Amino acid sequence: MDLYEIREERLDVIAEEAEHQELSMADRGVRPTRGVSSFQKFSVDTEDSLRFEPCEDSLPSPTGAGLDDSDVFNEGQTEDEIVIIRNRLQGKVAEMENFAGHLEEIFLTVEENFGRQEQHLEQHYNDVLQTLSQRYDERAAGLEDEKKSKLESLYKQLLACGHAMDASKELIETAQEIYRSQDKRLFLKTVMPAIKRIEEFAKEDVDLTLSTRLEFDTPLADLSDVKTMMDSINVVPAPSAPVINPQMPNSATQTSLRVCWSLFSDDTVEYYELYYRPVLEDTPADSTCAPPVSKVNVKETHCTVTDLLPNAQYELWVTATNTTGISPASEKALYMTVPSPPVIKQRECTSCPEAALIRWESGNTNPVDSYTVELSEMGTDGTESGITESIVAVPTCQCLIQLQTGRRYLISVRAVNIGGPSDRSEVITVSTTGTLFYLLEDTAHPCLSLSEDGFTIFYGDEELPISAMALDDNNAFTRCVAVLGDLIPVRGRHYWEVEVDDGTEFRIGVASEDTERNSYLGANNTSWCMRHILTPTRHKFEFLHNGWTPDLRITVNPVRIGVALDYNRGTLSFFNVDLEQHLHTFQCHFRNYVHPCFGLDNPGALTVHNGIEAPEYAFI
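Along each chain, residue indices are assigned from 1 in the same order as the chain's sequence is written. Under the rules for a predicted model, residues below a pLDDT of 70 receive no local features and side-chain atom pairs below 80 are neither given nor counted, while totals for whole chains, interfaces and linings still include all residues. In computing side-chain properties, one takes all heavy atoms of the structure into account and sets aside hydrogens as well as water.

(A) Spatial organisation of the overall build of the protein. Looking only at helices and strands, the protein features five helices and 30 strands. Here's how the labels work: a residue is buried when its accessible area is under 20% of the maximum for its type, exposed when over 50%, partly exposed in between, all with a 1.4 Å probe on protein chains only. Looking at the protein as a whole, 38% of its 620 residues are labelled buried. A total accessible area of about 37,100 Å² is found for the protein, and carbon and sulfur atoms account for 53% of it. Under the DSSP-based scheme used, a helix requires at least four consecutive residues in state H or I and a strand at least two consecutive residues in state E, with every element numbered from the N terminus. For the area figures, the Shrake-Rupley method with a 1.4 Å probe applies, and any residue is considered shielded solely by the protein chains shown.

Okay, structure coming up:
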């Protein structure tokens, strides 16, 4: 039975006992009395040991002894007590699961260290046997050479003795033949040479001592290296340098990093020391003001570092330690925490019946890999639907999202880097009922001022000093007292309305992004507008493009004007909203996207109403 099975069986038993006791309490309608300790709570100290303590509120004994009338409550109070005790028990079970998981990690670490130590011992054993085998072969070869030398020497001595014995035998036989000879003359003739030969042979010394020793030399074998190897079995070598793994995706939060490393050898390690410090781009490499180095000791080959800065780079390295010593430091690795949430620039977001353009700023000093836009539809009752769509890998700080007409959406943004996604930004509400845009304050003429909500422009009576008229910003209007709205970058139909006073001279319409800022709206080929002029006798209206206007007369002075832009049909139409009266339509093929534009030719004010549904007559 492995660790998982043991843990599951124990947790099942605990859960069954808890359920049984809760049901018993519910049937009796009693709450647990103090002083009866049926359950115990536990905690984990620094030595990974369990410590049990009595719970403050314990379940009653099965017999119900010691109960009086004050312990009986109504059914609702009893259920609350049961829920509280059940929650506490679930918390204890969760703590036991976490502790069991920790024990499992330690178990795996012990198994890994045992495997490395076993391989280390086996390698040493094989090395010792190999060395002893080499010593045996060398000693056996030496003995074989010495035996061969001794045998050769004895063989040569044996041959010399044989030759001497043969010569002596021959002389004896010759002497006997001479002695037995009957011919005195032959005897005298041969005896003298024989005597001479015998005398010469007698003068020769025959070496009868052994030419070699019978004993063999037995020098002591040099087994010092074997002894060193045997001694080294009991000595654990210092670890080699660990290797930090590259950062894995989604391995960080805004304030923490999960770091992993590994060993390429069979080293035995008691613990690791992980060092880390933030990387600051504006700090020189040789500066004494470098950020301090932090250190944490861990048993496993992974660690979660906390209390870090968001969207910051950290330099990390690790060493391994055992009873022999400390390994060299690993190569340094760079990890990144998750970015801070982006900040949606709601005043720069636009929408229309078919899409929305969302803009935001990163809010992070370090680069962000990409952004994720999340949106969910709001129901008619104002609640958020459970389905969230995501647009991933957005490279810049804006995104054009295709939406359905007549809906409301909740939209947020997350910043993403190698560490993972950030928390989501503040949620904004986007409606696709109509086209919504804001006025661009950086394009406004100095004489204009905008209301706080950004939808009303004012042209005051006071004159501005010449210094205020000298603009360095090439994006602002210098001659026409006008301002642009956000670019409408979605092909389709768009509608908004403008509310004006009878005594205000105005210009309203659309203009290209590159329209000249030192020109009047309608006086060039990049703007189309409706102009109101006050004359001593009447209200005059012009529909200007490139300085030309058709000859039209409007009998009723409109105070609320509808503007309908249709990119696909290439039309720009104006309406008297109060009368639902069509005033004029420009037929123009817009090659580029356009801005709504608004201008005042005399002191006054006008208000823009957008984000509203287009009336049926606007696009007939």
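Following the structure, the description resumes.
(B) Structural context of the packing of aromatic side chains. Only Phe, Tyr and Trp rings take part, Trp by its six-membered ring, and two of them pair if their centres are within 6.5 Å. Stacked means planes under 30 degrees apart, edge-to-face means over 60, and tilted covers everything else. Enumeration over the complete set of coordinates arrives at twelve aromatic pairs. Their ring planes at 65 degrees and their centres at 5.6 Å tell us that W261 and Y272 sit as a pair that is edge-to-face. Highlighted residues: W261 in strand 4 (residues 257–262) and Y272 in strand 5 (residues 271–278), separated in sequence by eleven residues. Taking the relative accessible area as the measure of exposure, Y272 reaches 3% and is therefore buried.

(C) Quick look at the sheet that holds strand 24 (residues 527–534). Read from one edge to the other, the open sheet built from five strands follows the order 21-29-23-24-25, with strand pairing classed as antiparallel. Since the sheet does not close on itself, it has two edges, and those belong to strand 21 (482–484) and strand 25 (539–545), each with one partner. With strand direction ignored, the average angle separating the axes of adjacent strands in the sheet is 15 degrees. Strand pairing is assigned whenever DSSP detects at least two bridges linking the two strands. Direction of pairing for strand 23 (residues 506–512) relative to strand 24: antiparallel, over a ladder of five bridges. Paired with G509 across the two strands is C529, which belongs to strand 24. Angles here are taken between N-to-C directions and fall from 0 to 180 degrees, while the axes themselves are lines fitted to C-alpha atoms, restricted in helices to the stretch in contact.

(D) Seen up close, the confidence of the model for the protein. pLDDT expresses, on a scale from 0 to 100, how confident the predictor is about each individual residue. For the protein, per-residue confidence averages 81 on the pLDDT scale, and 82% of positions sit at 70 or higher. Any pair of residues with heavy atoms lying within 4.5 Å of one another is described as a contacting pair. Within the model, the stretch residues 28–73 combines pLDDT values under 50 with 75 contacts to residues more than four positions away or in other chains.

(E) Representation of the side chain of N366 in the model. Examined against the element boundaries, N366 turns out to sit in the loop between strand 12 (355–361) and strand 13 (370–377). Given a relative accessible area of 14%, N366 falls into the buried group.

(F) Region of the structure containing the sheet that holds strand 20 (residues 456–459). Overall, antiparallel pairing links the seven strands, which are arranged 19-20-30-22-26-27-28 in an open sheet. Looking at which strands have only one partner, the edges of the open sheet turn out to be strand 19 (448–450) and strand 28 (581–587). Strand-to-strand twist across the sheet, computed as the mean angle between neighbouring axes with direction ignored, equals 20 degrees. Here strand 22 (residues 493–500) pairs with strand 30 (residues 604–609) via four bridges, running antiparallel. From the neighbouring strand, V498 faces strand 30, where its bridge partner is V608.

(G) Quick peek at the pairing of strand 16 (residues 408–417). Burial of strand 16 is extensive: eight of the ten residues sit out of reach of the surface. Pairing between strand 13 and strand 16: eight bridges, direction antiparallel. Its bridge partner being in strand 16, T372 is matched across the sheet by R414. The pairing of strand 16 with strand 18 (residues 428–431) spans four bridges and is antiparallel. Within the sheet, the bridge partner assigned to I411 lies in strand 18 and is I428.

(H) Local environment of the nonpolar core. If you look at the biggest cluster of nonpolar residues, it comprises 36 residues, and the most contacted ones within it are W496, I508, L572, F574, F590, F598 and L606. For L572, the residues in contact, after removing those within four places along its chain, are V510, W528, V563, A564, L565, H584, T585, F586 and F590. Core analysis: the second largest hydrophobic core is formed by 22 residues, L274, V305, L316 and V318 among them. Remark: nonpolar core denotes a set of buried residues (Ala, Val, Leu, Ile, Met, Phe, Trp, Tyr, Cys) joined through side-chain atoms within 4.5 Å.

(I) Spotlight on unusual backbone geometry. Notably, A393 is not glycine yet its phi reads approximately 60 degrees, a positive angle. Locating A393 in the fold gives a position in strand 14 (residues 389–394). Of note in the backbone geometry, E580 takes a positive phi value of approximately 55 degrees without being a glycine. Relative to the helices and strands, E580 is located in the loop between strand 27 (571–576) and strand 28.

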